[in-house]
Every structure is written in structure tokens, then in C-alpha cells.
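Tertiary structure, described
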Amino acid sequence: MRNAWSGHTFPHPPGRRRWMKDAHSMDPERPVQHILEHHRDLGPIFEIVVFGQKFVFVADAELAAELNDEKRFVKANSPALEGLRGIAGDGLFTARNDEPNWQLAHDLLVPAFTKQAMQRYHPVMAETLDELFVVWDSGDGRVDVGGDMTRLTLETIGRTGFSQAFGSFTTDEVHPFVEGMVTALTLGRRKGVIGALPGARILERRLDRRHADQLDYVRGFLDDIVRSRRTAATTGGDDLLGIMLDQAHPVTGQRLSDENIRYQILTFLVAGHETTSGALSFAFYYLVRHPDVLAKAVAETDAILGDDPDATPSYEQVPRFRYLRKVLDEALRLWPTAPGYARSPREATTLGGRWTMTPDDWALVLLPLVQRDPAVWGEDADVFDPDRTRPRLASTAKPFGTGERACIGRQFAVHEATMALARILHRYDIAGDASYELTINERLTLMPEDFHVTLTRRRPATGGTPLPAVEDAPAAAAVCPYTGSTSG
Ligand code: HEM
């Protein structure tokens, strides 16, 4: 049994079978939602065993707080992450803790997420939004939220990080790289699931062969990005690609290999867009469901941006949208778009004072349950309320992960998403379909499915409802409720 926990058996779904174990009580297409719907009563820590693979889930905020303690625990690669290594190798997200390329890439790339770097990305983020607005203004007002937020965030990370556009706003065709990337991710997820089956290696090779063309295309596309930057008249640059190609580690003098650079580009293109587009989509879902919240959010954009619906916030203005941040944070509390992370002890220890855990064992911190733990968030934990006071142990709300392997792109995501929300709400009246029932697509990340809104251009104050005056309050950096650090 993999992840054996010294033979301990946790509560598990009823009807365990001899050979398949709990496979019947997992829904491979929507595993997180299935657990929320059917297994919430299994308690603070429970297991689901699929053939020879044991998954241990933590649903309780106290236990999650313990696992987040970096002195005792570190990131573990779950089977899902291991499954992605075929395409993402030892890129930042999928690297194992002891792989030297993690530290090297981390040290090289941290400067790409400083305040100065964010100031450079800000105009690119704003221009990318402008292009989306052109598409929206020429349409009939009906918008596929998940689809368009994905186009926006993919273009944004592509352009800011790699000077790579995907033509998302000029054609209805999905870029072949996006199709290839989705195939690669789906393949990785399948490999993570079948890894414990007898004959898994044969099945994995068969899957790789079946999708060889698309995987080759993805690799070729990534190599082309590198090649064209290398042959461009102006090499260098301080974006992600420029740093990876041109800079050596300041202490060791080491550089990233071409293979590792390819892994990092894929990692950033995937990690840098899916999660943010999901977060934006959930925020819009809750906004249209809560007209009072929507009205407050729009009022904030009017107060900061004034009466021109086309106004673009300056870099310094973005952290002033404090209510929008609360909306985003609350959406990410209920539906953390990266729904969990795995943790292992540095050395043998006891979790919760009861369960022996060795470095070979890992537990998945299941964020949609931890962040709705009624013992911490109260009996209304499932209710969307951006004004809720953050309770004791709120630090276990960690949609961006924890410790040294936490999300390197958090400030990027928060800045991009806050600006997008602000500009969209300021520019358009937004109406949702009252009959829409939230369904969530689970690929690697969570994303509302088939969620549409109707947008209507707002008129400037001279022609319509007067908008409140611009607030003159001094810009204060927003404080991240998860880490206490300032954003941007
Ligand atoms: C709302 C948006 C986002 C969410 C919810 C999110 C969530 C997360 C989480 C939970 C982790 C830790 C995973 C683990 O421990 O296994 C992580 C890691 C990571 N994220 Fe994000 N992320 C977001 C946006 C971004 C963006 C915009 C970028 C890049 C520009 C990015 C790049 C990464 C990378 C490279 C890692 C791996 C870090 C390491 O292990 O050193 N993410 N993210």
C-alpha cells in the first residue's frame, strides 16, 4: 500500500471492496465536489483507497494548521503532481523538495515577482484587458465567463512572462498550444490515478503513445519560444524568460538547462492562468448572485475611478480596491481554485497527537473543507459573505499554499484579478442568469462551467446615473489576510 501510515486505517466511505477498495465512491470527473457532497461526515481526517493507493484527506482547520508548520512538515508531491512530471519535470510546481533545480529556479525567479516587476507588468495587464473589451463591445453582450477569463489570463501571463501572445482576441479558434496543454494536463491527471494499478507503466506508455503528436507539439512550441528569444535582435530582458535565459545564480553561478527552462515555461503558462481565471469566474458568479455585494463593489470602483467608465486604475490604485479584494478572498475561501496541497513530515512524528506519520506518508489539505470548517468559520461557513470577520485560525485559509513552496505568483494573480474585476465592474452593468446552477469543471483546477453573464456598457456620468467622486484617500498597500504581508 502506498502512503501506508504505519498500517493505520482512517474513516472511509462505506462499502469498501476487497480489490478496488473505495474506487466506487470516488468520482474521477469531479472528485472535490463528490467529496463535499458525500463524504463531509467522515470527520476531520479520512481516507479513500483506490486499488493500492491510499489518499488521506484533512478537512479540519486545527490539523491543517499543524501540517502548515514548516518546522515539522514540507510539501509532498501527490500522485496528481507526480503524474504531471512527464510534461513539467522538475519545474517549480512539480519539483521534489530535494531537487537542486527547485532552489536554483526559485532564487532566479523571485525577482520577477517583486513590486518593481509588478509595476512593469501593470500596463501589459491593462492593455490585454482593453483587447478583451474590444471583443466584448463588438458582441451581443453575452459572455462565457470561464472561457473569456481563461483567454484573458493566458494572454496576460504569456505576454508579461514570455512576450508570447496566443491570439485569443483575434480568432475564435483555440490556439493549438492550449489544446495540447489541456491534453497534457488530462493525461497527467489520469496517470496520477492509474499509477497504483497493476501494469500501470504499460498503461501510461500506451496513453503517451496515443497522444504523442500533441505532446510533441507542446514541446516544440515551448522550444520555439526559447529559440525566437535567443535569435531576436534584442536578447535579454527582465521578464521570466529573459531571467531564465540570461541570468546565473548570484551565489553559485549556476544556470538553468534548456530542458528545465522548457519545464518552467509550461509550468508558468499553466499555473499562471488556470487558477486566476477560475478565481475571477467564481468572484463574478458570487457577485451576480448577491446584488447587494455587487452594488457595493461597483460603488467602490466609482469612488476610486470616478465617472469615466473607461478609466484604467494606476498601479498604485489597484490595492485601494479593498472591498473587491474581500470579494476575491471570499470566493477563494469557498472555492479555492487549486483545491489542495499535500504535506509530509520532515521526520517521523505524530499528527494530531494520535497518528504516526513518517516522511513516506502524506496528507492532502483539502482546502474547500478546511476553509469551511464550522469550528473556525461558524455555522454559516458555506455562505458567501465578503464582510465576515476573519476568525481565529483564519490563517488556515491558504488558497495560495503554504511555506517555501507557496505560490510564487500570488501578488501577480491578486493584482491582475483585482484590476480585471475593478475595470469590468466599472465599465459594464452585469446581469446573470437567475436559473443558472453552479456546476464546476475539475481539471487540475476548479472552474465554474457554462456560466454566462450579460454585459451592458455603463454610460459616463454626464449621460446617465451620476457616479460618486474620486476618493482622495492615500493609497495603502493591501494587507494579505493569509500572510499579513503587503501586496504589490
Ligand atoms: C488565484 C490564483 C492562484 C492560486 C489560487 C494559486 C495557488 C497555488 C498553490 C495552492 C500553490 C502551492 C501548490 C502546492 O503546495 O503543491 C501554488 C504554487 C505555485 N504557483 Fe500559484 N496560484 C495562483 C496563481 C499563480 C500565478 C499567476 C502564477 C505565475 C505567474 C503561479 C505560479 C505558481 C508556481 C510556479 C507555483 C510553484 C511554487 C513552488 O513550488 O516553488 N500561480 N499556487
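Residues numbered from 1 in each chain as written. Predicted model: local features only at pLDDT ≥ 70, side-chain atom pairs only at ≥ 80, totals over all residues. Heavy atoms only, no water.

**Some remarks on the coordination of the iron atom of the ligand**
Condition: Note that water is not among the atoms considered, so a metal site may appear incomplete; the donors listed are N, O and S atoms within 2.8 Å of the metal, with 3.2 Å applied to Na, K and Ca. In DSSP terms, a helix is any run of H or I states spanning at least four residues, a strand is any run of E spanning at least two, and both are numbered starting from the N terminus.
Just one protein atom donates to the iron atom of the ligand; it is C407 (SG), sitting 2.3 Å from the metal. Looking at the element boundaries, C407 is found in the loop between α16 (374–377) and α17 (410–427).

**What to know about the site of the ligand**
We count it as follows: We call a residue near a molecule or strand whenever a single non-hydrogen atom of that residue lies within 4 Å of it. Polar contact criterion, stated in full: a pair of N or O atoms within 3.5 Å, where within protein one must be able to donate a hydrogen and the other to accept it, and residues adjacent in sequence count only if both atoms are side-chain atoms. For this scheme, ten residues count as nonpolar: Ala, Val, Leu, Ile, Met, Phe, Trp, Tyr, Cys and Pro. Four count as charged, namely Asp, Glu, Lys and Arg, and the remainder, Gly too, count as polar.
Around the ligand, a shell composed of 25 residues is seen, among which K75, W102, T275, R405 and C407 lie nearest. In this structure, an oxygen atom belonging to the ligand sits 2.7 Å away from a side-chain N or O atom of R405. Elements with a contribution of two residues or more to the shell around the ligand: α11 (258–271), α12 (274–289) and α17. In terms of residue count, α12 provides more of the shell around the ligand than any other element does, three residues in total. When the residues that make up the shell around the ligand are grouped by side-chain class, the tally is 17 nonpolar, six polar and two charged.

**So, the domain arrangement of the chain**
The condition is simple: Start and end points for every domain follow an automatic or database-based domain assignment. Between two residues, a contact is recorded if the distance between any of their heavy atoms is within 4.5 Å. Using a 1.4 Å probe, buried area is obtained as the accessible area two parts lose upon being combined, added over both of them.
Each domain of the chain was delimited in the assignment, giving domain 1 (5–88 + 339–392) and domain 2 (106–335 + 402–457). Computed from C-alpha coordinates alone, the two centres of domain 1 and domain 2 are separated by 26 Å. Across the contact, 37 residues belong to domain 1 and 37 residues belong to domain 2. Note on domain 1 versus domain 2: buried area summed over both sides is about 3,200 Å², and carbon and sulfur give 60% of it.

**Here we look at the packing of aromatic side chains**
The line we're drawing: Between the rings of Phe, Tyr and Trp (Trp by its six-membered ring), a pair exists once the centres lie within 6.5 Å; its type follows the angle of the planes, with under 30 degrees stacked, over 60 edge-to-face, and the other angles tilted. Sitting over a ring, as applied to charges here, requires NZ of Lys or CZ of Arg to be within 6 Å of the ring centre and within 35 degrees of the ring normal.
Here the structure, examined in full by the defined rule, presents 22 aromatic pairs. Grouping aromatic residues by their ring pairs yields a cluster made of Y285, Y286, F384, Y436 and F451. K75 extends its terminal NZ or CZ atom over the ring of F93, reaching a point 4.7 Å from the ring centre.

**Section: the confidence of the model for the chain**
For the record, the criterion: By definition, pLDDT measures how confident the predictor is in each residue, and it falls between 0 and 100.
Here the chain shows a mean pLDDT of 90. Residues at 70 or above account for 93%. Predicted confidence for residues 463–488 stays below pLDDT 50, and this span has 55 contacts to residues more than four positions away or in other chains.

**Concerning the side chain of D27**
Stated precisely, the cut-off is as follows: Using a 1.4 Å probe on the protein chains alone, a residue whose accessible area is under 20% of its type maximum counts as buried, one over 50% counts as exposed, and one in between counts as partly exposed. Under the convention used here, Asp and Glu are negative, Lys and Arg are positive, and both His and the chain ends fall outside the count. For this analysis, a salt bridge means a side-chain nitrogen from Lys or Arg found within 4 Å of a carboxyl oxygen belonging to Asp or Glu.
With respect to the secondary-structure elements, D27 resides in the segment before α1 (31–38). Buried charge D27 goes without a salt bridge, the closest partner of opposite sign being R30 at 4.0 Å. A distance of 3.0 Å separates the side chain of D27 from the backbone nitrogen of E29, its partner in a polar contact.

**Comments concerning a positive patch on the surface**
Applied cut-off: Surface patches are defined over residues having more than 30% relative accessible area and no salt bridge, joining like charges when they lie within 9 Å and nonpolar side chains (Val, Leu, Ile, Met, Phe, Trp, Tyr) when within 5 Å. To measure how exposed things are, a 1.4 Å probe is used in the Shrake-Rupley method; for residues, cover is taken only from the protein chains shown. The location of each charge is read from NZ of Lys, CZ of Arg, CG of Asp or CD of Glu.
On the surface, R190, R205, R206, R209 and R210 cluster together into a patch of positive charge. Take the positive patch: its biggest share by element is four residues, from helix α8 (residues 200–210). Tracing the backbone shows R209 in helix α8. Here R209 falls in the exposed class, since its relative accessible area comes to 60%.

**Here's the deal with the pattern of salt bridges**
Applying the stated criterion across every chain yields a total of 31 salt bridges. Close ionic contact of D238 with R120 constitutes a salt bridge, the shortest N to O distance being 3.4 Å. Separated by 118 residues along the polypeptide, D238 in the loop between α9 (212–231) and α10 (240–246) and R120 in helix α5 (residues 115–137) bring together distant segments of the chain. The exposure class assigned to R120 is partly exposed, which follows from its relative accessible area of 35%. Measuring nitrogen to oxygen at the nearest pair gives 2.8 Å for the salt bridge that ties E131 to R159. Of the two residues, E131 is situated in helix α5 and R159 in helix α6 (residues 145–162); the sequence distance between them amounts to 28 residues. In the salt-bridge network here, residues are joined through shared partners; they are R16, D22, E47 and K54.

**Here's the deal with the environment of S78**
Locating S78 in the fold gives a position in the loop between β3 (73–76) and α3 (79–88). Owing to a relative accessible area of 10%, S78 belongs among the buried residues under this scheme. S78 sits 79 residues away from I157 along the chain, and the two C-alpha atoms are 26 Å apart. Here S78 is in contact with A342 and L364, once residues within four sequence places are set aside.

**Observations concerning the sheet that holds strand β4 (residues 142–144)**
The following threshold applies: If DSSP finds at least two bridges between two strands, the strands pair. In this description, a line fitted to the C-alpha atoms serves as the axis of each element, helices being fitted only across the stretch in contact, and the angle between N-to-C directions of two axes falls anywhere from 0 to 180 degrees.
Read from one edge to the other, the open sheet built from three strands follows the order β4-β12-β9, with strand pairing classed as antiparallel. Each end of this open sheet is capped by a strand with a single partner; those strands are β4 and β9 (428–432). Strand-to-strand twist of the sheet, defined as the mean angle between neighbouring strand axes without regard to direction, takes the value 35 degrees. Summarising the sheet, β9 and strand β12 (residues 452–457) pair through five bridges and their orientation is antiparallel. Paired with I430 across the strands is L455, a residue of β12.

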